[in-house]
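# Per-entry structural report
Residue strings, one per chain:
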There are 2 protein chains.
Amino acid sequence: MREVAVIGTGLTDFGEVWGKSLRTLWAEAALAALADAGVDELDLITVGCMSPGLFIGQEHLASLVADELGMAGVGAARVESACASGGLALRAGFAEVAAGLADVVLVTGVEKMTDVDGATATYSLGTAADQEWEGFHGITFPGLYAMLARAHMEAHGTTREQLAAVAVKNHANGLLNPHAQYHLRVTMEDVLRSTMVAEPLRLLDCSPITDGAAALVIASVERARELVGDRPLVKITGSGLATDAISLANRGSLTELAAVRLAGERAYRMSGRTPSDIHVAEVHDCFTIAEIMATEALGFFDEGSGGSAVEKGLTALGGRIPVNPSGGLKSKGHPVGATGVAQIAEIVAQLRGEAGQRQVEGARIGLAQNMGGSGGTSVVHILEVA
Amino acid sequence: MREVAVIGTGLTDFGEVWGKSLRTLWAEAALAALADAGVDELDLITVGCMSPGLFIGQEHLASLVADELGMAGVGAARVESACASGGLALRAGFAEVAAGLADVVLVTGVEKMTDVDGATATYSLGTAADQEWEGFHGITFPGLYAMLARAHMEAHGTTREQLAAVAVKNHANGLLNPHAQYHLRVTMEDVLRSTMVAEPLRLLDCSPITDGAAALVIASVERARELVGDRPLVKITGSGLATDAISLANRGSLTELAAVRLAGERAYRMSGRTPSDIHVAEVHDCFTIAEIMATEALGFFDEGSGGSAVEKGLTALGGRIPVNPSGGLKSKGHPVGATGVAQIAEIVAQLRGEAGQRQVEGARIGLAQNMGGSGGTSVVHILEVA
């Protein structure tokens, strides 16, 4: 298997972007990544996007955006695994380069979510749950994650304040990220007094509806060395993909995210790393409980102790293992198809030492964990600076 | 790059299947492929599906169907490139095995199209066209292909009867395929007298709306040799993926399918084969004109001579290069995400000598060409029996 490196990243600002269409947002991120990599020829484009059909009435997105970039002709493929679509786009590009089918691939993620009203957005996101076993009964994602939170609180004594601590930390980090949707200091009291959405989850436990795009240029290490010059070379050393039942009713356990554990195990095995080797992580905090459960499933903390870990500051900047220095989905925003790609862009910035005020000192090994639905799919990548 | 082989195939009957849901159809094809291959453990599942969001209100399909198969945990990924989604599912699985990321992959395609009314189905399929440059103005696919047909007729003298000859041939082949949606002998007169849809295309120039699923088991050649026993080993020797502008207005030419030409060139180059080496082909005849243009773009016939070739019987069973022995999309049916996978299943049957009454004598090298939209994406695979 050939070694693969990330040689360029590009991000749009995340937010409610009413003045740009999906294809314009996508091209902005793509051009930024190509400029960062110093590349103008590609073998392939991958596009992670959850539901352009429901959000903007457009399928067949990959060839559309290839043409928008002036690159009609190049191979292009869209991949989808709900909110894990971005991570899957990297996995698909990684496989092509690792196999030798491509040398240089543009890996992208995008979602344009604010062109529809809130009810339509909620319906569209809800199609990531099992429509026959969950959607039919009227439940949407805040309700599904609320059940996971309740189960975790019952089983492990996780507290309402520990959930809130995730939001407080990630909003503090987001203040340091110029691309973030929210630059908003949030206190424990703010979270605990925010509007109830689905008990025990309140408004400030939830990630927002967001427009945005993210892009990476990846290449074989041989080609990458020619292109990066004096900049640090960031290799992808582990890639893990796993599923779980998408409906909670079919799960073996409600207190662990099995797909995250499996995807993590596969990525650790490929890279030869263990959880204690990781210096910085971006994890999928679509709701505050999700970050707590993900940090347990990835082996950063023992089962049931993710809540106390965030409360003690172990996952803050300067803590034992900083989690979501970008601000996470919670503060940076969550344009669902773009999220997994944006996570990698943050890890690359950290490993290159280019993360500015939110830089994790001495970060040389990073991990990104992206998730679909209430944990039906997870993708984990491990990156290391050479 | 590791060599990859197809070791099992499975198909549902194609048609209007009101008694089975998408997941049931999918599992039927998947179980048939696993039984054919004699495999019960997988490293990965790929799923080609164009728009489960619009057709059945369900995204996040790959983990849903992995669970339906009792295999929650295994990695699973959906890919989409409109009606080329099935071909892309094979490409994605091929890359994973070629890279050494997986040994055994279940490659699948599915679409459930008849759970919505005809207008919704037409709208949903129309999202494969450029919504800003085409869909907005009200055009749908029969109109887009009618413009391609008109351009081809003007440039090359292709006749109305030559278009009809494609339908007559493919319906004759479909009579020999037990999985086909239509077992219907169609005459030249039937086509020429059928209802006008979009001049010059009539009802019998168009492929139908179809429910169905198709599946393949692919494996590294090393693993495949252990599994196939005495049966012939069918290797994937070429894989090509290419795009063109998805809107006709952005195309360089309306009389050639550039994405098909490029994808074909890439597949021929990888396999070291030329068009004259191919013994049997399945091509994407969503409309009769599409088959004529595809056989030209793939180099089977000179530009402008695809119409006379079908008229002379060169593409019939027993002709110089039999095209669509399965009956093609025209007669076998076109469950869009399943089509590209079903094409491969037909080529494998031909190369194994298991195609019954529609067997192409001595077929050892076959080609399948799958297409999205009006040619915005194409995927070409070349298979050879060892």
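Residues numbered from 1 in each chain as written. Chains lettered and ligands numbered in written order. Predicted model: local features only at pLDDT ≥ 70, side-chain atom pairs only at ≥ 80, totals over all residues. Heavy atoms only, no water.

### Thoughts on the layout of surface pockets
The space that makes up the largest pocket amounts to roughly 710 Å³. Around the largest pocket sit 33 residues that line it, and B:L125, B:C206, B:S207, B:P208 and B:I209 are the ones nearest its centre. Tallying contributions element by element places helix 5 (residues 118-126) of chain B first for the lining of the largest pocket, with four residues. Grouping the constituent residues of the lining of the largest pocket by class yields 21 nonpolar, nine polar and three charged. Each of domain 1 (4-117 + 209-228) and domain 2 (123-207 + 237-385) of chain B contributes no fewer than three residues to the lining of the largest pocket. Quantified by volume, the second largest pocket comes out at close to 510 Å³. Secondary structure elements with two or more residues in the lining of the second largest pocket: helix 5 (118-126) and helix 6 (141-156) of chain A. (1 Å grid on protein atoms, 1.4 Å probe; cavity = no way out; pocket = protein on both sides within 12 Å on 5 of 7 lines; lining within 4 Å. Points joined across faces, edges and corners; volume = space filled by probe spheres on them. Helix = DSSP H or I, 4+ residues; strand = E, 2+ residues; numbered from the N terminus. Nonpolar A, V, L, I, M, F, W, Y, C, P; charged D, E, K, R; others polar. Domains from an automatic or database assignment.)

### Describing the domain arrangement of chain A
Residues and elements named next belong to chain A. Considered domain by domain, chain A is made up of domain 1 (4-117 + 209-228) and domain 2 (123-207 + 237-385). Placing a centre on the C-alpha atoms of domain 1 and another on those of domain 2 gives a separation of 22 Å. In this complex, domain 1 contributes 41 residues to the contact, which on the side of domain 2 involves 37 residues. Buried area between domain 1 and domain 2, summed over both chains or domains, comes out near 2900 Å², and the portion from carbon and sulfur atoms is 68%. Remark: the boundary between domain 1 and domain 2 carries one salt bridge. Taking the shortest distance from any N to any O, the salt bridge between R352 and D36 comes out at 3.0 Å. Where domain 1 touches domain 2, the interface holds 15 residue pairs in polar contact (both at pLDDT 80 or more). Those elements that place two or more of their residues in the side of domain 1 that touches domain 2 are strand 1 (4-11), helix 2 (52-56), helix 4 (85-99), strand 4 (104-111) and strand 7 (212-220). Per-element accounting of the side of domain 1 that touches domain 2 gives the leading share, seven residues, to helix 4. Classifying every residue of the side of domain 1 that touches domain 2 by side-chain character gives 22 nonpolar, 13 polar and six charged. (Contact = heavy atoms within 4.5 Å. Buried area = accessible area lost by both parts, 1.4 Å probe. Salt bridge = Lys/Arg side-chain N within 4 Å of Asp/Glu carboxyl O. Polar contact = N/O pair within 3.5 Å; in protein donor to acceptor, adjacent residues only side chain to side chain.)

### Thoughts on empty space enclosed by the protein
Enumeration according to the criterion identifies one cavity of 30 Å³ or more in this entry. In this structure, the largest cavity encloses a volume near 230 Å³. Forming the walls of the largest cavity are 20 residues, and the residues nearest its centre are A:V79, A:A92, B:V79, B:A92 and B:E96. In terms of residue class, the lining of the largest cavity is built from 14 nonpolar, two polar and four charged.

### Thoughts on the interface of chain A and chain B
With 60 residues of chain A at the contact, the number on the chain B side is 60 residues. Buried area between chain A and chain B, summed over both chains or domains, comes out near 4300 Å², and the portion from carbon and sulfur atoms is 50%. The interface formed by chain A and chain B contains eight salt bridges. The residue B:E132 makes a salt bridge to A:R23 at a minimum N-O spacing of 3.5 Å. Our count for the chain A to chain B interface comes out at 33 residue pairs in polar contact (both at pLDDT 80 or more).

### Some points on the relation of the copies chain A and chain B
With an RMSD of 0.0 Å, the fit of chain A onto chain B corresponds to turning through 180° and sliding 0.0 Å along the axis. Such a combination of rotation and displacement between the chain copies is what one expects of a two-fold axis. Nearest to the rotation axis, the C-alpha of A:A99 is located 1.8 Å from it, this being the minimum over chain A. Taken together, the interface assignments show that 100% of the residues at the interface of chain A recur at the interface of chain B, consistent with an identical surface on both copies. (Least-squares fit on C-alpha atoms with pLDDT ≥ 70 in both.)

### Examining the packing of helix 7 (residues 160-174) of chain B against helix 11 (residues 288-297) of chain B
Residues and elements named next belong to chain B. Contact geometry for helix 7 and helix 11: axes closest at 8 Å, N-to-C directions at 95°. With respect to helix 11, the axis of helix 7 lies roughly perpendicular. The segment helix 7 lies against helix 11, with Q162, L163, V166, A167, K169 and N170 engaging T288, I289, E291 and I292. Taken together, the residues of the contact of helix 7 with helix 11 break down into five nonpolar, three polar and two charged. (Axes fitted to C-alpha atoms, helices over the stretch in contact; angles between N-to-C directions. Parallel < 35°, antiparallel > 145°, perpendicular 65-115°, else oblique.)

### Brief notes about the pairing of strand 3 (residues 75-80) of chain A
In the case of a regular strand, side chains alternate between the two sheet surfaces. Of all six residues making up strand 3 of chain A, six are buried, and the element is well covered by its neighbours. What you see with strand 3 of chain A is no split at all: A:G75, A:A77 and A:V79 on one side and A:A76, A:R78 and A:E80 on the other are buried throughout. Pairing analysis gives five bridges linking strand 2 (residues 44-48) of chain A to strand 3 of chain A, with the strands arranged parallel. Looking across to strand 3 of chain A, one finds that A:V47 is bridged to A:R78. Sheet topology places strand 3 of chain A next to strand 3 (residues 75-80) of chain B; three bridges connect them, and they run antiparallel. Within strand 3 of chain B, the position partnered with A:E80 by the bridge is B:R78. (Buried < 20%, exposed > 50% of the residue type's maximum accessible area, 1.4 Å probe, protein only. Pairing = 2+ DSSP bridges.)

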